Amino acid sequence: MSELRVDVDGVAVSPEHFIDGRRVGSADTFEDRSPLDWSWKLADVARGTAHEADLAVSAAGAAFPGWAALGVEARGEYLDRLADLIDRDIERIAHVECLDMAMLEESLRLRVISRGARNFRAYAQLAREYRARRWSSNGTDNVVLRHPAGPTVVITPWNAPFMLSTWKCAPALAAGNTVVLKPAEWSPLSCSMLMDLVDEAGFPPGVFNVVQGFGEEVGAALVNDPRIRRISFTGSPETGRIIGEAAARNLVPFTAELGGKGPFLVFDDADLDAAAQKAAVMFDDGGQVCLAGTRLLVHDGVFDEFVAKLRAASDRHVMGDSRAADTTLSPLIHPEHLARVRGFVERARESGDVILFGGHEADDEGLWYRPTVIEPHSNDAEVVQREIFGPVLTLQRFGDEDEAVALANSTQYGLSAIIYTSSQERAERVGARVRAGTVWVNCFLVRDLTAPFGGIGISGVGREGGDYALDFYSDLTTLQIKEGTTHG
Ligand code: NAD
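Only a predicted model underlies this, so the values are computations on that prediction, with no experimental measurement involved.

Parameters at a glance
Residues numbered from 1 in each chain as written. Predicted model: local features only at pLDDT ≥ 70, side-chain atom pairs only at ≥ 80, totals over all residues. Heavy atoms only, no water. Buried < 20%, exposed > 50% of the residue type's maximum accessible area, 1.4 Å probe, protein only. Helix = DSSP H or I, 4+ residues; strand = E, 2+ residues; numbered from the N terminus. Pairing = 2+ DSSP bridges. Axes fitted to C-alpha atoms, helices over the stretch in contact; angles between N-to-C directions. pLDDT = per-residue confidence, 0-100. Near = heavy atom within 4 Å. Polar contact = N/O pair within 3.5 Å; in protein donor to acceptor, adjacent residues only side chain to side chain. Domains from an automatic or database assignment. Phe/Tyr/Trp six-rings, centres within 6.5 Å; stacked < 30°, edge-to-face > 60°. Lys NZ or Arg CZ within 6 Å of the ring centre and 35° of its normal.

### A closer look at the pairing of strand β5 (residues 29-34)
Only one face of β5 is covered, namely the one carrying Phe 30, Asp 32 and Ser 34; the face carrying Thr 29, Glu 31 and Arg 33 has none of its residues buried. Pairing geometry for β5 and strand β6 (residues 37-46), over 6 bridges, is antiparallel. Looking across to β6, one finds that Arg 33 is bridged to Lys 41. Counting the residues between successive antiparallel strands, the hairpin from β5 to β6 contains 2 residues.

### Some thoughts on the sheet that holds strand β22 (residues 474-482)
Read from one edge to the other, the open sheet built from 3 strands follows the order β7-β8-β22, with strand pairing classed as antiparallel. Among the strands making up the open sheet, the edge pair consists of β7 (134-137) and β22. The average undirected angle you get between the axes of adjacent strands in this sheet is 30 degrees. Bridge count for strand β8 (residues 140-148) against β22 is 9 bridges, and the pairing is antiparallel. Looking at β22, one finds that Asn 142 is bridged to Gln 480.

### Comments concerning the confidence of the model for the chain
Chain-level statistics for the chain give a pLDDT mean of 97 and a share of 99% at 70 or above. The element-level mean pLDDT for the chain is lowest in β7, coming to 95, with strand β11 (residues 208-210) highest at 99.

### Structural notes on the sheet that holds strand β17 (residues 372-375)
Sheet architecture is open: 7 strands sit in the order β16-β17-β18-β15-β14-β19-β20, paired in mixed fashion. The open sheet terminates on both sides in strands that have one partner only, identified here as β16 (354-357) and β20 (438-441). On average, adjacent strands in this sheet sit at an angle of 25 degrees to one another, irrespective of strand direction. Sheet analysis places β17 next to strand β18 (residues 392-398), joined by 3 bridges and oriented parallel. From the neighbouring strand, Ile 374 faces β18, where its bridge partner is Thr 394.

### So, the site of the ligand
Taken together, 29 residues form the shell around the ligand, and within it Glu 185, Ser 236, Thr 239, Leu 258 and Glu 387 come nearest. For the ligand, an oxygen atom lies 2.9 Å from a polar atom in the side chain of Trp 158. Between a nitrogen atom of the ligand and a main-chain N or O atom of Leu 258, the distance comes to 2.7 Å. Domain assignment of the residues forming the shell around the ligand places at least three in each of domain 1 (6-258 + 455-478) and domain 2 (263-441).

### Considering the packing of aromatic side chains
Scanning all chains against the criterion turns up 12 aromatic pairs. Their ring planes at 90 degrees and their centres at 6.0 Å tell us that Trp 167 and Phe 453 sit as a pair that is edge-to-face. One end of the pair, Trp 167, is in helix α4 (residues 161-174); the other, Phe 453, is in the loop between β20 and β21 (460-461), with 286 residues separating them in the sequence. Of the two residues examined, Trp 167 and Phe 453, each falls in the buried class. With a centroid separation of 4.8 Å and 75 degrees between ring planes, the pair formed by Phe 472 and Tyr 473 is classed as edge-to-face. Feature note: the residues Trp 67, Tyr 78 and Phe 203 constitute an aromatic cluster, connected by ring pairs. Geometry around Phe 344 places Arg 347 over its ring, the cationic atom sitting 5.1 Å from the centre.

In structure tokens, the structure reads:
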């Protein structure tokens, strides 16, 4: 391929789209800057328009029949090859994603990027293992068949872009669909690197495409294209609504993994040290984690003790360059996002909420915000009810289990919840009453890729994960054959 490359701290990265197996530029570009040092421009990235959206959907449409006809075994070989290449390149991808969105380089290297490889391997294998459901009823033999659905648009947010994109693209490709991926404009580079590996793995042109650019421009053109047969989105509820309208207009199945405002319940029988340590983890990545338990709900009887331990655990955070091994707290992604987080805290202060600690930016220049805990004046406070997506937690007390559950379920969100208790019975009782797609007890972020994943309320529409995802990306046919039908 003859193409433009930019040097991103020693790694050559394409700032262009990847459409129909080759790099394609745009007339316009947008600036991509590093949150580690906002004066550092990483790249001028191609700014896609309706034209590039059309090229990408056309390529995905043309490649679809061939990819669908390959079957799960042959597709799985491509996906496995891609997974091996990701594993080979973990360090490079982790380095660029760290510069681009400021997640800690060590966690990118040790966990997050390799999860991308696992996504491809896991879905290749699950697709191979699928056995059509067969049963007899009403005098017929029933068989459920899965067919590839068609070209699929995947739209992803700026936090953990590589992992979140592969989480959706892997099942779509394994199911036999072709894909157009649009990563977020604030962290576009790691998905571009993925396309180099797609090329190296020898994917047929048009099977897996990336277009770069703004949501309202190229993103809107993609989700409104009537040739698209699936839309999978991760991002904010506001954008989810807009994309959902486009999906409704074209009657296209749509899943959305949206924002969170997870409760973090600490019961009086909990290991308080472990609970406080884990609560301080909610500040990791600058709190820019949809699944974080950002509403601390603590039993009256252990409230003061827990707060003291939380303060100590939070004090151990080290704000700094996300590339350094001793840094534990990264900056926020963008000056606009920092202003948004600051705005939430300032309005909380003005409305009478108590800032227990933090509540301002780091002393240094830059996009770091201090770990912040706020005791709201009421459960209706904005900081309790709206996702902040920064290192800001609220802290409230409860007297008994019923009150804990009522507070946990008192927002419009329902993505995740965390419970700390030493009682198995309570874990199951409360876990079953909390309204969330995923509930972790005495742990956080542990994931089995075959489990259903998604949100309740404004946290999402539909489920992905394991066979739930493969079913979503497939057209299901029920074949009913009258019993006694003979070979003829
Ligand atoms: P966002 O909704 O602003 O943008 C997400 C993506 O949508 C971007 O690629 C953007 O360009 C695109 N987009 C915007 N407008 C569009 C339009 N009209 N048509 C098509 N595409 C459009 O979200 P964000 O700020 O990038 O990400 C943060 C949000 O994502 C938070 O709410 C967070 O909780 C959520 N999130 C959810 C999960 C999950 O698994 N549930 C995971 C990560 C992030």
